[in-house]
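Summary of structural features
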Amino acid sequence: MLVRWVRRRWASAGPGRDRRRSDPNTALGYLEQLPALRLLERLPVPALAVDEEGVIVHANPALERMLGYPEHWFAGCSVADVVVPASSPGGPASVALLRDCAGKVIELAHREGFVVRAAVSRSVLRRKDDPVTFVCFQDLTEQLWGGGRAPEFE
């Protein structure tokens with residue numbers, strides 16, 4: 001099947017509508033139709049979304065692989081189940097911990113019992129009233145074991 005990519009825009013149907021959407025046969029049109037969760041699942045970067053109470057609402061497959069867990073295992077778990085428990089509070093304090101650790105290295109719990117050291121990004125959702133904190137991780141375990149210095153990560 002051959003798809004022709006065109007850079008034109010088309011108007012929504014209906015009287016008085018001025019809203020424009022991209023042609024679904026274009027790259028932008030394809031992205032506009034793709035659900036957000038599907039995009040998050042395709043990210044090659046480990047990512048985690050938690051609600052205001054510290055409950056995990058989404059962990060993408062890259063994070064599950066990094067920590068050795070099966071698909072969808074984290075759904076409904078607490079952040080304290082992921083962040084090494086000795087250093088992690090539970091509930092809303094765990095969300096504050098994730099936000100405060102932006103750019104720093106934290107310890108995550110691997111399924112086999114060892115520690116994975118990872119840099120935490122700032123929350124992708126940056127507004128104060130966002131009900132979800134969404135962060136990405138960069139695994140630094142091997143680099144830190146080798147005596148290397150952790151890079152800046154935001």
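The structure we're discussing is the one just above.
Below is a short write-up of the structure. (Residues numbered from 1 in each chain as written. Predicted model: local features only at pLDDT ≥ 70, side-chain atom pairs only at ≥ 80, totals over all residues. Heavy atoms only, no water.)

**Side note on the environment of Val82**
- The residue Val82 is located in the loop between α3 (61–67) and α4 (92–100) in this model.
- Distance from Val82 to Arg111, taken between C-alpha atoms, is 9.4 Å for residues 29 residues apart in sequence.
- Not counting the four nearest positions on each side in its chain, Val82 is found in contact with Ile56, Leu67, Phe74, Glu107, Leu108 and Ala109. (Helix = DSSP H or I, 4+ residues; strand = E, 2+ residues; numbered from the N terminus. Contact = heavy atoms within 4.5 Å.)

**Describing the pattern of salt bridges**
- Across all of its chains, the model carries 1 salt bridge by this definition.
- With a closest N to O distance of 3.2 Å, Arg117 and Glu107 form a salt bridge. Remark: Glu107 occurs in strand β5 (residues 105–109) and Arg117 occurs in strand β6 (residues 115–120); sequence separation between them is 10 residues. (Salt bridge = Lys/Arg side-chain N within 4 Å of Asp/Glu carboxyl O.)

**Points about the layout of surface pockets**
- Space inside the largest pocket adds up to approximately 170 Å³.
- Every residue lining the largest pocket is listed: Arg99, Ala102, Arg122, Ser123, Leu125, Arg126, Arg127 and Lys128.
- Within the lining of the largest pocket, the residues separate by chemical class into 2 nonpolar, 1 polar and 5 charged. (1 Å grid on protein atoms, 1.4 Å probe; cavity = no way out; pocket = protein on both sides within 12 Å on 5 of 7 lines; lining within 4 Å. Points joined across faces, edges and corners; volume = space filled by probe spheres on them. Nonpolar A, V, L, I, M, F, W, Y, C, P; charged D, E, K, R; others polar.)

**Section: the sheet that holds strand β3 (residues 47–51)**
- The strand order across the open sheet built from 5 strands is β4-β3-β7-β6-β5, with neighbouring strands paired in antiparallel fashion. What marks the edges here is a single partner per strand, and that holds for β4 (56–59) and β5. Each strand axis lies, on average, 35 degrees off the axis of its neighbour in the sheet, ignoring direction.
- Across the sheet, α4 is in contact with β3, β5, β6 and β7 (132–139); its angle to β7 comes to roughly 50 degrees. (Pairing = 2+ DSSP bridges. Axes fitted to C-alpha atoms, helices over the stretch in contact; angles between N-to-C directions.)

**Remarks on the side chain of Asn60**
- Residue position: Asn60 is located in the loop between β4 and α3.
- Aside from chain neighbours lying at most four places away, what touches Asn60 is Leu40, Glu41, Leu43, Val45, Pro46 and Ala47.

**Some words on the packing of aromatic side chains**
- Applying the stated criterion across every chain, the model contains 3 aromatic pairs.
- Centroid distance Trp73 to Phe74: 5.3 Å. Interplanar angle 85 degrees. Geometry classified as edge-to-face.
- Since its relative accessible area comes to 38%, Trp73 is described here as partly exposed.
- Taken together through their ring pairs, the aromatic side chains of Tyr69, Trp73 and Phe74 make up a single cluster. (Phe/Tyr/Trp six-rings, centres within 6.5 Å; stacked < 30°, edge-to-face > 60°. Buried < 20%, exposed > 50% of the residue type's maximum accessible area, 1.4 Å probe, protein only.)

**Some points on the nonpolar core**
- One finds Leu48, Ile56, Leu67, Leu108 and Phe137 to be the most contacted residues of the largest nonpolar core, which totals 23 residues.
- The set of elements that each furnish at least two residues to this core consists of β3, β4, α3, α4, β5, β6 and β7.
- Setting aside its immediate chain neighbours within four residues, Leu108 contacts Met66, Leu67, Val82, Val83, Val84, Phe114, Val115, Val116, Ala118 and Phe137. (Core = buried A, V, L, I, M, F, W, Y, C linked by side-chain atoms within 4.5 Å.)

**Considerations on α4**
- For α4, the complete set of buried residues consists of Ser94, Val95 and Leu98. The buried residues of α4 occupy one face: seen down the axis, they fall within an arc of 105 degrees. (Arc of directions from axis to C-beta.)

**A few points about the pairing of β3**
- For β3, the tally of buried residues reaches 4 of 5 residues, placing the bulk of the element in the interior.
- Direction of pairing for β3 relative to β7: antiparallel, over a ladder of 5 bridges. Within β7, the residue paired with Ala49 across the bridge is Phe134.
- Note: β3 against β4, 3 bridges, orientation antiparallel. In the sheet register, Val50 faces β4, and the bridge partner there is Ile56.
- Counting the residues between successive antiparallel strands, the hairpin from β3 to β4 contains 4 residues, one of them, Gly54, with a positive phi of roughly 85 degrees.

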